[in-house]
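An overview of the molecular structure
The lines below spell out each chain.
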Amino acid sequence: MKSTYQNILNKTEFNPPSDWLQIKTIDMHTGGEPLRVIISGFPELKGNSVLEYRRYCKDNYDHLRTALMFEPRGHADMYGCILLPPNDEEGDFGIIFLHNEGYSTMCGHAIIAISTLAAEMKWIDIKEGDNELKIDAPCGRIISYVNISGGKVNGVRFHCVPSFVVGLDRTVDVEGLGKVEYDLAYGGAFYAYVDMNKHNFDFDLSPESNRALIQKGMDIKRAVMEKDKEILHPFEEDLSFLYGTIFTGDSLHEGIDSRNVCIFAEGEVDRSPTGSGVSGRVAIHRARKELDYGQHMKIESITDSVFKCSMIAEEDYGPFKAVIPEVEGTAHITGMQTFVIDPEDPMKNGFILR
């Protein structure tokens, strides 16, 4: 007779009942920031553009966002994406982004990761050198370049949507912090940028200050949202909201220009330097005459991961003088998952304890 342990060794596949939903994903990270790429099993989304798919998902399948992002399948800082048809025949594919609060408009770390995955999975015919992808995000079309060297992915750089400054050196009163100075800028999403060197806060940009960064970042976000009425995208109402607070400061390492800690959505801490966030910083540094063509910045995150960013063009964008940023980084695959959702599970839609 077989022992229980022998059964364990021999019976390693679980076959869910037919009424259980199965969703397959490939999990990745960019600079430590997770990306759960939904590959199959998610219900079909209806629409004719990425923004329409995003609205349809929000209205009809938000419980699946929470099931995949929240505990017990995810965590408070989880991030994911769904791949979709492009907006037109010129695009390669569309993408919408998921997190603990809802659906973001742009995500640079996800663009770097999904471009890496497109090459690793041979979704595209790869060649040595740069391989171009046209990705339709909610904020617009992103052009990414997957660099292949020796048949392997060496890194990804992308050109973001037009990024612009709404205002510099604004102030807001925040309970517990007093008067806080910030810059308001857009890099595919709107952020309030707070320079640590201009304030005498009792926390810093180290991992040990993680809790304080979350709390104070959300306090600043809410205060800015209440006061600042210029968080308006010139063309899309769906993009007109403040996504987060980005604290900037001095780097802790030689050869790195700056440190960036982004608190976004409902208190998520970006482990990467934040692709849309550094895109907004390119616009800010250009507006301050601190960045010119041919120059680049290396910006590190709370995990010490680094993005390299620069400015490749300028253009008028509605009432704004915008820049086109280029952002470069690397991503890695961490696992393949098949998640099941038992309709009888009282916690099937997920929960969060922070």
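Conventions and cut-offs
Residues numbered from 1 in each chain as written. Predicted model: local features only at pLDDT ≥ 70, side-chain atom pairs only at ≥ 80, totals over all residues. Heavy atoms only, no water. UniProt positions renumbered as here; feature names shortened; annotations may be inferred. Helix = DSSP H or I, 4+ residues; strand = E, 2+ residues; numbered from the N terminus. Buried < 20%, exposed > 50% of the residue type's maximum accessible area, 1.4 Å probe, protein only. Contact = heavy atoms within 4.5 Å. Polar contact = N/O pair within 3.5 Å; in protein donor to acceptor, adjacent residues only side chain to side chain. Core = buried A, V, L, I, M, F, W, Y, C linked by side-chain atoms within 4.5 Å. Domains from an automatic or database assignment. Pairing = 2+ DSSP bridges. Phe/Tyr/Trp six-rings, centres within 6.5 Å; stacked < 30°, edge-to-face > 60°. Buried area = accessible area lost by both parts, 1.4 Å probe. Salt bridge = Lys/Arg side-chain N within 4 Å of Asp/Glu carboxyl O. Nonpolar A, V, L, I, M, F, W, Y, C, P; charged D, E, K, R; others polar.

As recorded by an unreviewed UniProt entry, the protein carries the name Proline racemase and is attributed to Leptobacterium flavescens. The Sequence similarities (unreviewed entry) field of the UniProt record for the protein holds the comment "Belongs to the proline racemase family."

Once that is clear, we can look at the environment of Gly-277. Counting through the fold element by element, Gly-277 comes out in helix α6 (residues 275–287). With a relative accessible area of 0%, Gly-277 lands in the buried category. Distance from Gly-277 to Ala-110, taken between C-alpha atoms, is 13 Å for residues 167 residues apart in sequence. If sequence neighbours within four positions are ignored, Gly-277 has contacts with Tyr-191, Tyr-193 and Ile-246.

A word on the environment of Asn-87. Secondary-structure assignment places Asn-87 in the loop between β3 (80–84) and β4 (93–98). Separated by 49 residues in sequence, Asn-87 and Asp-136 place their C-alpha atoms 6.5 Å apart. If sequence neighbours within four positions are ignored, Asn-87 has contacts with Asn-48, Ser-49, Val-50 and Asp-136. At 2.8 Å, the side chain of Asn-87 and the backbone nitrogen of Val-50 are in polar contact.

A few words on the nonpolar core. Counting residues in hydrophobic clusters, the biggest one holds 88 residues, and the most contacted among them are Phe-97 and Phe-247. Counting residues per element, this core draws most heavily on helix α4 (residues 108–120), at 8 residues. The residues that make up this core include at least three from each of domain 1 (19–160 + 333–341) and domain 2 (163–324). Of all hydrophobic cores here, the second largest spans 21 residues; its members include Cys-57, Leu-68, Met-69 and Ile-82.

Take the pairing of strand β1 (residues 21–30) next. The side chains of a regular strand alternate, residue by residue, between the two faces of the sheet. Here 10 bridges tie β1 to strand β17 (residues 331–341), and the two strands are oriented antiparallel to one another. Following the sheet pairing, Lys-24 is matched in β17 by Thr-338. Linking two consecutive strands that pair antiparallel, namely β1 and strand β2 (residues 33–40), is a turn of 2 residues; a positive phi of about 60° is found at Gly-31 within it.

Bringing the packing of aromatic side chains into the picture now. Going through the model one piece at a time under the given rule, you end up with 17 aromatic pairs. Between Phe-164 and Tyr-186, the ring centres sit 5.0 Å apart and the planes meet at 20°, which makes this aromatic pair stacked. Taken as a pair, Phe-164 in strand β8 (residues 164–174) and Tyr-186 in strand β9 (residues 178–186) lie far apart in primary sequence, 22 residues in all. Across this residue pair, the class does not change: Phe-164 and Tyr-186 are buried. Here Phe-164 and Phe-320 contribute two aromatic rings whose centre-to-centre distance is 4.1 Å and whose plane-to-plane angle is 10°, an arrangement assigned as stacked. With a gap of 156 residues between them, Phe-164 in strand β8 and Phe-320 in strand β16 (residues 320–329) connect regions that are remote in the sequence.

Considered domain by domain, the protein is made up of domain 1 (19–160 + 333–341) and domain 2 (163–324). Taking only C-alpha atoms into account, the centre of domain 1 sits 23 Å from that of domain 2. Taken together, the contact between domain 1 and domain 2 spans 26 residues of the former and 29 residues of the latter. A combined buried area of about 2000 Å² lies between domain 1 and domain 2, and 53% of that area is made up of carbon and sulfur atoms. Remark: the boundary between domain 1 and domain 2 carries 3 salt bridges. For Arg-55, the salt bridge goes to Asp-238, with nearest N and O atoms at 2.7 Å. Across the contact surface, domain 1 and domain 2 share 10 residue pairs in polar contact (both at pLDDT 80 or more). Those elements that place two or more of their residues in the side of domain 1 that touches domain 2 are α2 (50–60), α4 and β7 (152–159). Looking at side-chain class alone, the side of domain 1 that touches domain 2 contains 11 nonpolar, 10 polar and 5 charged residues.

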